[in-house]
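So the chains spell out like this:
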Amino acid sequence: MARMTQRRKVHRYLLDGSEAAIAYPVRVREDVLAAEEPLEVRFKDLSFAVTMRTPGDDFDLVAGFLVSEGIISSQADLVSLRFCAGEDETGRQTFNVVEAQFRPGLALPDTGRHVYTSSSCGICGSTSIEAVRKTLTYDLHEDQLRVPVDVLARLPEQLREAQALFDKTGGVHAAGLFKIGDRGEAELLCLREDVGRHNAVDKVIGWALREGLLPLRGMVLQVSGRASFELVQKAALAGIPVLAAVSAPSSLAADLAADTGVTLVGFSRGKSLNAYVGQERLAPALTAPPRAALPLTTPLTTAGQG
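Residues numbered from 1 in each chain as written. Predicted model: local features only at pLDDT ≥ 70, side-chain atom pairs only at ≥ 80, totals over all residues. Heavy atoms only, no water.

Participant: Whenever I open this one, the overall build of the protein chain confuses me. Can you help?
Facilitator: Each helix and strand in the protein chain was counted, giving 8 helices and 16 strands. The buried share of the protein chain, taken over its 306 residues, is 48%. Residue pairs in contact within the protein chain that sit at least 24 positions apart in sequence constitute 58% of those at least 6 positions apart. (Helix = DSSP H or I, 4+ residues; strand = E, 2+ residues; numbered from the N terminus. Buried < 20%, exposed > 50% of the residue type's maximum accessible area, 1.4 Å probe, protein only. Contact = heavy atoms within 4.5 Å.)

Here it is in structure tokens:
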């Protein structure tokens, strides 16, 4: 995890009015930050894209990015991934350039187009619902997955419990791929963390592609933040029938989910959730929720009542 984090001295200001804050209002301490570095994706030695990411699982990130761009859709499309030579000012290998090689005959986009993605906003541009529809490989309307609502509501907690990098830094997003069993139980197959929510999702999808699992039928993608248009796009292109988020979806995300057959869930926080699209995939809870406790005694009635 060395390249995934960086230690830095910080000045901590205490403002709670306590004796310790009055005596030592400023304290110097060491904090751990999530690393953020550029990663360049190349085809045939030509630059295609640069993304800002947390180093680690870079081949998964590139593979998932290629799926999300509609360039590949199966393990057979991707022949190899390799790091290209690259050094920083001290002569240290940076591992910040990855070259992708594809099967012969695969249609590739114009490699003269230079794409920049930030860790916060994903691909910047005007990607329309119609453009996404044209690149779809899998028909999500055929996926018969049914997820018990209580199982779905517990996924954020399961995701959070597995976030090792967040425990160290408090500064990364997470995406988790859950397989829903025949009895409705959820199994976490893959979790990835990154300073960019889109990168975390790409890393999960790239892992699945490299394992030969696409399309991801019968799966739920749980994310730690909000559900944007781009995240629905990534789920649809990977064949994921359910996308659940801890926060809200955007209006365009809901429109795309309805068009592509993705069940879109937001504000999933343990005791409740909102189904914005595709609620027919939500099944009754496996266990009945606890009923509110009744008072041990009944209120006294006054004269003339009852």
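Participant: How do you make sense of the pattern of salt bridges when you look at a structure like this?
Facilitator: Where charged atoms from two side chains of opposite charge approach closely, those side chains can pair. Taken as a whole and assessed by the stated rule, the structure comprises 15 salt bridges. Note that Glu37 and Arg3 form a salt bridge whose closest N and O atoms lie 2.6 Å from each other. Here Glu37, found in strand S3 (residues 37-43), pairs with Arg3, found in the segment before strand S1 (5-13); they are 34 residues apart in sequence, far enough to count as distant. A salt bridge links Asp202 to Lys234; the nearest nitrogen and oxygen atoms lie 3.0 Å apart. Residue Asp202 is located in helix H6 (residues 197-210), and its partner Lys234 is located in helix H7 (residues 229-237); the two are separated by 32 residues in the primary sequence. Asp202 gets classed as buried once you look at its relative accessible area, which sits at 2%. Residue class for Lys234 comes out buried when judged on its relative accessible area of 8%. (Salt bridge = Lys/Arg side-chain N within 4 Å of Asp/Glu carboxyl O.)

Participant: Any chance you could explain the side chain of Thr5 here in plain terms?
Facilitator: With respect to the helices, strands and loops of the structure, Thr5 is situated in strand S1. Look at Thr5 and you get buried, because its relative accessible area is 18%. The residues contacting Thr5, other than those within four sequence positions of it, are Val32, Leu33, Ala35, Leu165 and Thr169.

Participant: What exactly am I supposed to notice about the packing of H6 against H7 here?
Facilitator: A pair of packed helices is characterised by two quantities: the angle between their axes and the separation of those axes. At a closest axis distance of 10 Å, the pairing of H6 and H7 adopts a crossing angle of 5°. Classified by the interaxial angle, the pair formed by H6 and H7 is roughly parallel. Along the contact surface, H6 presents Arg197, His198, Val201, Asp202 and Ile205, while H7 presents Glu230, Leu231 and Lys234. Split by residue class, the contact of H6 with H7 holds 3 nonpolar, 1 polar and 4 charged. (Axes fitted to C-alpha atoms, helices over the stretch in contact; angles between N-to-C directions. Parallel < 35°, antiparallel > 145°, perpendicular 65-115°, else oblique. Nonpolar A, V, L, I, M, F, W, Y, C, P; charged D, E, K, R; others polar.)

Participant: So what exactly am I meant to see when it comes to the side chain of Glu193 here?
Facilitator: Relative to the assigned elements, Glu193 resides in strand S11 (residues 186-194). Among buried charged residues, Glu193 stands out as having no salt bridge; its nearest opposite-charge side chain is Arg160, 6.5 Å away. A polar contact is formed between the side chain of Glu193 and the side chain of Gln163, at a distance of 3.5 Å. A distance of 3.0 Å separates the side chain of Glu193 from the backbone nitrogen of Phe166, its partner in a polar contact. In this structure, Glu193 is in contact with Gln163, Ala164, Leu165, Phe166, Val172, His173, Ala174, Ala200 and Lys203, ignoring residues within four places of it in sequence. (Lys, Arg positive; Asp, Glu negative; His and termini not counted. Polar contact = N/O pair within 3.5 Å; in protein donor to acceptor, adjacent residues only side chain to side chain.)

Participant: For this particular structure, what's the right way to read helix H8 (residues 251-260)?
Facilitator: One turn of an α-helix holds 3.6 residues; hence residues three or four places apart share an orientation. Listed in full, the buried residues belonging to H8 are Ala253, Ala254, Leu256, Ala257 and Thr260. Mapping the buried residues of H8 onto a view down its axis gives an arc of 165°, with all of them on the same face. Buried positions along H8 lie against helix H3 (129-135), H7, strand S14 (263-266) and strand S15 (274-277). Positioned one or two residues after H8, Gly261 has a phi angle of 90°, which is positive. (Arc of directions from axis to C-beta.)

Participant: What am I meant to see in the sheet that holds S14 here?
Facilitator: Sheet strands pair by backbone hydrogen bonding; their relative direction is either parallel or antiparallel. Strand order in the open sheet formed by 6 strands is S11-S10-S12-S13-S14-S15, and the pairing between neighbours is mixed. The open sheet has two free edges, formed respectively by S11 and S15, since each of these has just one partner strand. The sheet shows a mean angle of 20° between the axes of neighbouring strands, direction not considered. As paired elements, strand S10 (residues 173-180) and S11 share 8 bridges and run antiparallel to each other. Its bridge partner lying in S11, His173 is registered against Asp194. Lying over the sheet, helix H4 (residues 149-161) contacts S10, S11, strand S12 (219-223), strand S13 (242-245) and S14, oriented at roughly 50° with respect to S12. (Pairing = 2+ DSSP bridges.)

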